[in-house]
Amino acid sequence: MAERAGLEELVKLQGERVRGLKQQKASAEQIEEEVAKLLKLKAQLGPDENKQKFVLKTPKDFDIAGQFDPMIPDAECLKIMCEILSSLQIGNFLVKVNDRRILDGMFAVCGVPDSKFRTICSSVDKLDKVSWEEVKNEMVGEKGLAPEVADRIGDYVQQHGGVSLVEQLLQDPKLSQNKQALEGLGDLKLLFEYLALFGIDDKISFDLSLARGLDYYTGVIYEAVLLQTPAQAGEEPLGVGSVAAGGRYDGLVGMFDPKGRKVPCVGLSIGVERIFSIVEQRLEALEEKVRTTETQVLVASAQKKLLEERLKLVSELWDAGIKAELLYKKNPKLLNQLQYCEEAGIPLVAIIGEQELKDGVIKLRSVATREEVDVRREDLVEEIKRRTNQPLCIC
């Protein structure tokens, strides 16, 4: 019992160390090293028999080596990634793919010691940012790799292409003799066949320099990058790195299964913050204001004690399918309400005043032109939809 308590304390301290390194933005290599120590401690700790057990189940008819093809989910993830990036209209992109088994097999046939696989992998992963000479200098000068081994790695990792490169490497006299590399290349060849059927093979490149530093990947890995285009007037060159990434991690979920069963997994993530930075930069260059809301009209009041009237009107607009809102203050100043619209990018303001209530009209103001017109209350919905090009709702 005391021994377990000691291990639990070590796991806690190591976890805090990993979180601290991430907050300090330490190098990926250093973080990976500490994460590996944490996983080793957790493995020593084993499951807690006193805690409630849960069981991870794979569907009964799922046979990863049998009737179900493991590359179909990978191809589908890449199809989804391409559809998302195309719909965002952020520019031309390329999805780079590789396989961790190919990387490991390549390191083995090049003569990299087993103990240096992960650290050399992290060096290779920098090839999209720095030259091969810089990467080689790091491998040899900082990580103690023999120069001739680094040269052999360079012969491989500077290659990229499509299915023809996969077929070429399947005939490589060294790689073809490595079991891991052969499995990875076989799966990639099948993957490219499915990508062709999905109509996206022209957006995919087999890139031997793609490494993805995270240790939990077990098979296919991929990341999407924007293709550099000449900067338009007012734009700075974009350097956001990958905008989407993912891969296969068949061994990760099973770590939480007391029996250590293999649970096949594949997934992807979209770099939302990086995409936002691209869109914002382009809008700034075009001097376009970024709208922070979908609201079409703000219901405002020109005098005090008109909160109930604002609530009635905003409710009418909501019922008609209009995206409307109002400020929560009881008696907001009209100027503050108009300034809020300008800051948030709300195009219209429906202004209620004592005179408007008497006349049965609403004053509709264009935020951009500051033009104001009186619209009969029963015609307000139609006028807002006309100005926002929204189809009328027949209720």
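Residue positions are counted from 1 within each chain, in the order its sequence is given. Residue-level local features of this predicted model are given only where pLDDT is at least 70; pairs of side-chain atoms are given and counted only at 80 or more, and the full residue set underlies all totals for whole chains, interfaces and linings. Heavy atoms from the whole structure form the basis of all side-chain values; hydrogens and water molecules are not counted.

Colleague: Explain the pairing of strand β10 (residues 361–366) to me, and be specific about the residues and the numbers.
Modeller: When accessible area is computed with a 1.4 Å probe and restricted to protein chains, residues below 20% of their type maximum are described as buried, those above 50% as exposed, and intermediate ones as partly exposed. Helix and strand assignments follow DSSP, with helices taken as H or I runs no shorter than four residues and strands as E runs no shorter than two, numbered in order from the N terminus. Counting buried residues along β10, 5 of its 6 residues qualify, which places the element largely inside the surrounding structure. Being paired, for any two strands, means DSSP has found at least two bridges between them. Both strand β9 (residues 348–352) and β10 contribute to a ladder of 4 bridges, which runs antiparallel. Across the sheet, V349 pairs through a bridge with R365, a residue of β10. Pairing analysis gives 5 bridges linking β10 to strand β11 (residues 372–376), with the strands arranged antiparallel.

Colleague: Please give an account of the sheet that holds strand β8 (residues 324–325) that cites residues and values.
Modeller: Read across the open sheet, the 5 strands follow the order β8-β7-β9-β10-β11; overall the sheet is mixed. In this open sheet, the two edge strands, each paired with only one partner strand, are β8 and β11. Against the sheet, helix α11 (residues 307–319) makes contact with β7 (297–301), β8, β9 and β10, and its axis sits at roughly 160° relative to β7, the strand it touches most. Contacts are assigned to residue pairs that have any heavy atoms within 4.5 Å of one another. With axes taken as lines fitted to C-alpha atoms, and helix axes fitted only over the stretch in contact, angles between N-to-C directions fall between 0 and 180 degrees. In this fold helix α12 (residues 334–344) packs onto β7, β8, β9 and β10, with an angle of close to 170° to the strand it touches most, β7.

Colleague: Describe the pattern of salt bridges, listing the residues and the values that go with them.
Modeller: Between Lys or Arg on one side and Asp or Glu on the other, a salt bridge is scored when a side-chain nitrogen of the former is within 4 Å of a carboxyl oxygen of the latter. In this structure the tally under the stated criterion is 23 salt bridges. Of the charged contacts, one joins D74 and R248 as a salt bridge, the two residues approaching to 2.7 Å between their closest N and O atoms. Linking D74 in helix α3 (residues 71–88) with R248 in strand β5 (residues 242–248), this pair joins segments that are 174 residues apart in sequence. Exposure class is identical for D74 and R248. Each is buried. One salt bridge connects D250 with R248, and the closest N-O pair in it is separated by 2.9 Å. Sharing partners across several salt bridges, the network here consists of R17, E34 and K37.

Colleague: Give a description of α3 that names residues and reports values.
Modeller: An expected span of 1.5 Å times one less than the residue number is assigned to each helix. The terminal C-alpha atoms of α3, which comprises 18 residues, lie 26 Å apart, in line with the 26 Å expected from a rise of 1.5 Å per residue. If you check which residues of α3 are buried, you get M71, D74, A75, C77, L78, M81, C82 and L85. Down the axis, α3 shows its buried residues gathered within 155° of arc, on one side only. Of the residues trailing α3, Q89 is marked for its positive phi of about 55°. The directions from the helix axis to the C-beta atoms form the arc being described.

Colleague: Now, about the nonpolar core: what can you tell me, with residues and values included?
Modeller: Here, nonpolar core refers to any group of buried Ala, Val, Leu, Ile, Met, Phe, Trp, Tyr and Cys residues whose side-chain atoms link them within 4.5 Å. L85, V95, V97, F107, M139, I153 and F206 are the most contacted members of the largest nonpolar core, which has 59 residues in total. F107 has contacts with V112, F117, I120, C121, V124 and I153, leaving out every residue within four places of it along the chain. By size, the runner-up hydrophobic cluster in this structure holds 17 residues, among which are V299, L313, L348 and I362.

Colleague: Lay out the sheet that holds strand β6 (residues 266–270) with the relevant residues and their values.
Modeller: In a beta sheet, neighbouring strands are held together by backbone hydrogen bonds and run either parallel or antiparallel to one another. With mixed pairing, 6 strands are arranged side by side in an open sheet as β2-β3-β1-β4-β5-β6. Two strands close off the open sheet at either side, each with one partner strand: β2 (160–161) and β6. Here 3 bridges tie strand β1 (residues 93–99) to strand β3 (residues 204–207), and the two strands are oriented parallel to one another. Looking across to β3, one finds that K96 is bridged to S205. On top of the sheet, helix α9 (residues 179–197) reaches β1, β3 and β4 (220–226); it is set at about 170° to β3, its chief contact.

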